[in-house]
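# Report on the structure
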Amino acid sequence: MKDKFKQWLANKGYSLETPSGKPSTVYDYAKRIDKVCQWESMVWSELAANIERIINEYNTGGVKSERGDMSRRAVINALLRFKEFLSE
């Protein structure tokens with residue numbers, strides 16, 4: 001699922017690497033999903049099955065919003081993109 005998510009992001013126009021050749025948004029978002037899975041003691045498929053609840057918890061006003069806001073909201077943005085990926 002992780003590889004399909006990364007491919008989906010790339011197909012949507014998200015960057016694979018920075019101008020200097022370092023991993024960019026595609027890899028960052030996948031790592032953010034890995035981190036949420038770690039925090040929640042879930043694998044990607046379990047996260048997918050619970051994505052609505054997780055987004056509510058990590059988004060503004062949620063009980064875990066501080067984590068969602070990390071790195072200029074990269075965590076919640078990764079979760080929102082993951083939800084879009086799941087709905088397609």
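### Thoughts on the packing of aromatic side chains
A full pass over the atoms with the stated rule returns nine aromatic pairs. The structure contains a cluster of three or more aromatic residues connected by ring pairs, namely Phe5, Trp8, Trp44, Phe82 and Phe85. It is Arg67 that lies over the ring of Trp39; its NZ or CZ is 4.3 Å from the centre.

### Some points on the packing of helix H1 (residues 2-11) against helix H2 (residues 25-40)
It is the contact of H1 with H2, at a shortest axis distance of 9 Å, that shows an interaxial angle of 145 degrees. Viewed along their axes, H1 and H2 form a crossing whose handedness is right-handed. Touching Lys2, Phe5, Lys6, Leu9 and Ala10 of H1 are Val26, Tyr27, Tyr29, Ala30, Ile33 and Asp34, all from H2. Across the contact of H1 with H2, the residue classes tally to eight nonpolar, no polar and three charged.

### As for unusual backbone geometry
The phi dihedral of Ser71 is positive, around 50 degrees, even though this residue is not glycine. Secondary-structure assignment places Ser71 in helix H6 (residues 70-87). Look at Arg72: it is not a glycine, yet its phi comes out positive at around 55 degrees. Inspection of the secondary structure assignment puts Arg72 in helix H6. With relative accessibility at 81%, the residue Arg72 sits in the exposed group.

Cut-off values and rules
- Residues numbered from 1 in each chain as written.
- Predicted model: local features only at pLDDT ≥ 70, side-chain atom pairs only at ≥ 80, totals over all residues.
- Heavy atoms only, no water.
- Phe/Tyr/Trp six-rings, centres within 6.5 Å; stacked < 30°, edge-to-face > 60°.
- Lys NZ or Arg CZ within 6 Å of the ring centre and 35° of its normal.
- Axes fitted to C-alpha atoms, helices over the stretch in contact; angles between N-to-C directions.
- Helix = DSSP H or I, 4+ residues; strand = E, 2+ residues; numbered from the N terminus.
- Left-handed = near helix turned anticlockwise from the far one by under 90°.
- Contact = heavy atoms within 4.5 Å.
- Nonpolar A, V, L, I, M, F, W, Y, C, P; charged D, E, K, R; others polar.
- Buried < 20%, exposed > 50% of the residue type's maximum accessible area, 1.4 Å probe, protein only.

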